[in-house]
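For reference, the chains in residue letters:
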Amino acid sequence: MTSVITGDIIGSRQQKSKHWVEDLKKILSPFGEMPAQWEIYRGDEFQVEIKNPEEALLTAILIKAHLRALKSDARMSIGFGDKTHNAEKISESNGTAFINSGELFETLKKQKVTLALRTGDIIFDEKMNLMLRLALTFMDNWLAQPAQFVAVAIENPNLSQEELGQKLGINQAAVSRRQKRAQFDLIMNLDRYFRTQIKELKP
């Protein structure tokens, strides 16, 4: 079982500068080699394979946090399943994970949702997507500072508030405020719940 995130930058055509493409490359580069594991195509669309499905949700949230910190955002679908064809480019690979991700991605605009997932297990998908919609009521509105906090906190899970503050150049009280404003503890609880559930789905 693998997972694939398909996404596009929201309102990319309205953005005057093209530096967000470079920003996106920086955000995606820790996830492996380009173009085998991730790729940006058609200017504003991207695809990433996350080989450990348990990491998929937090990875999508991390991408969103990085983009919100840059005053941008993305629409993303996470598909789970197998990989039957391993191509040199991720956009040419195939399998149910790719199909689930691609088909779901096509419906996001209509649904007016910026993040959703599909495993093919209807009950699981319905339950998780409802939770995601609730979480998006605040994630879609993250301001740059709380979003930056979320990105740094996800990338440095073992740091204390004080150490996170040093990375962000702010004091511990400010860290605590950003953590609350971003509803970070709720996000981490959602991720933990998702990890326990996806484990049970693995074939």
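You'll find the structure just up there.
A brief structural summary. (Residues numbered from 1 in each chain as written. Predicted model: local features only at pLDDT ≥ 70, side-chain atom pairs only at ≥ 80, totals over all residues. Heavy atoms only, no water.)

Quick look at the packing of aromatic side chains now. This structure, assessed with the given rule, holds two aromatic pairs. Consider the rings of Phe80 and Phe194, whose centres lie 5.9 Å apart with planes at 50°: the pair is tilted. Of this pair, Phe80 sits in strand 4 (residues 74–81) while Phe194 sits in helix 8 (residues 184–201), placing them 114 residues apart in sequence. For the pair Phe149 and Phe184, a centre-to-centre distance of 5.3 Å together with 80° between the ring planes defines the contact as edge-to-face. In this pair, Phe149 sits in helix 5 (residues 144–155) while Phe184 sits in helix 8, placing the two residues 35 residues apart along the sequence. (Phe/Tyr/Trp six-rings, centres within 6.5 Å; stacked < 30°, edge-to-face > 60°. Helix = DSSP H or I, 4+ residues; strand = E, 2+ residues; numbered from the N terminus.)

Before going further, it helps to examine helix 3 (residues 96–111). An ideal rise of 1.5 Å per residue puts 22 Å on 16 residues; helix 3 measures up with 22 Å between its terminal C-alpha atoms. Along helix 3, the sharpest kink reaches roughly 25°, centred on Phe105. Among the residues of helix 3, those classed as buried are Ala97, Phe98, Asn100, Ser101, Leu104, Phe105 and Leu108. Packed against the buried residues of helix 3 are strand 1 (2–9), strand 3 (45–50), strand 4 and strand 5 (115–118). (Expected span 1.5 Å × (residues − 1). Bend = angle between axes of the 7 residues up to and from the residue. Buried < 20%, exposed > 50% of the residue type's maximum accessible area, 1.4 Å probe, protein only. Contact = heavy atoms within 4.5 Å.)

This part is about the side chain of Glu49. Take Glu49: it is sitting in strand 3. A distance of 2.8 Å separates polar atoms of two side chains, one belonging to Glu49 and the other to Thr2. In contact with Glu49, other than residues within four places in its own chain, are Thr2, Ser3, Val4, Gln37, Lys83 and Ile90. (Polar contact = N/O pair within 3.5 Å; in protein donor to acceptor, adjacent residues only side chain to side chain.)

With glycine set apart, most residues show a phi of negative sign, and most peptide bonds adopt trans. The omega torsion of the bond from Met34 to Pro35 falls at 0°, within 30 degrees of zero and hence cis. Position of Pro35 among the secondary structure elements: in the loop between helix 1 (19–28) and strand 2 (38–41). Of note, Lys71 is a non-glycine position whose phi angle comes to about 60°, a positive value. Looking at Lys71, the relative accessible area reads 73%, which means it is exposed. For Lys112, which is not glycine, the phi dihedral falls at a positive 55°. Relative to the helices and strands, Lys112 is located in the loop between helix 3 and strand 5.

Turning our attention to the packing of helix 6 (residues 161–168) against helix 7 (residues 172–181). Running from amino to carboxyl end, helix 6 crosses helix 7 at an angle of 95°, the nearest separation of the two axes being 8 Å. The pairing of helix 6 with helix 7 is recorded here as roughly perpendicular in orientation. In this structure, helix 6 uses Gln161, Glu162, Leu164 and Gly165 to contact helix 7, whose residues at the interface are Gln172, Val175, Ser176 and Gln179. Broken down by class, the residue content of the contact of helix 6 with helix 7 amounts to two nonpolar, five polar and one charged. (Axes fitted to C-alpha atoms, helices over the stretch in contact; angles between N-to-C directions. Parallel < 35°, antiparallel > 145°, perpendicular 65-115°, else oblique. Nonpolar A, V, L, I, M, F, W, Y, C, P; charged D, E, K, R; others polar.)

Here the focus is the nonpolar core. Counting 58 residues, the largest nonpolar core has Phe46, Ile63, Leu115 and Trp142 as its most contacted members. In terms of residues, this core owes the most to one element, helix 2 (residues 56–69), which gives nine residues. (Core = buried A, V, L, I, M, F, W, Y, C linked by side-chain atoms within 4.5 Å.)

Tracing the chain through its elements places Ala173 in helix 7. As a C-alpha pair, Ala173 and Glu162 span eleven residues in sequence and 8.9 Å in three-dimensional space.

At a closest axis distance of 9 Å, the pairing of helix 2 and helix 8 adopts a crossing angle of 150°. Comparing the axis directions of helix 2 and helix 8 gives the class roughly antiparallel. Side by side, helix 2 and helix 8 meet where Leu57, Leu58 and Ile61 of the first sit next to Ile187, Met188, Leu190, Asp191, Phe194 and Arg195 of the second.

With that settled, consider the pairing of strand 1. Of all the eight residues making up strand 1, eight are buried; the element is thus mostly covered by neighbouring parts of the structure. Because side chains alternate across strand 1, one face comprises the buried residues Thr2, Val4, Thr6 and Asp8, and the other comprises Ser3, Ile5, Gly7 and Ile9, equally buried. The pairing of strand 1 with strand 4 spans eight bridges and is classified as antiparallel. Counterpart to Thr2 in the pairing with strand 4 is Gly81. (Pairing = 2+ DSSP bridges.)

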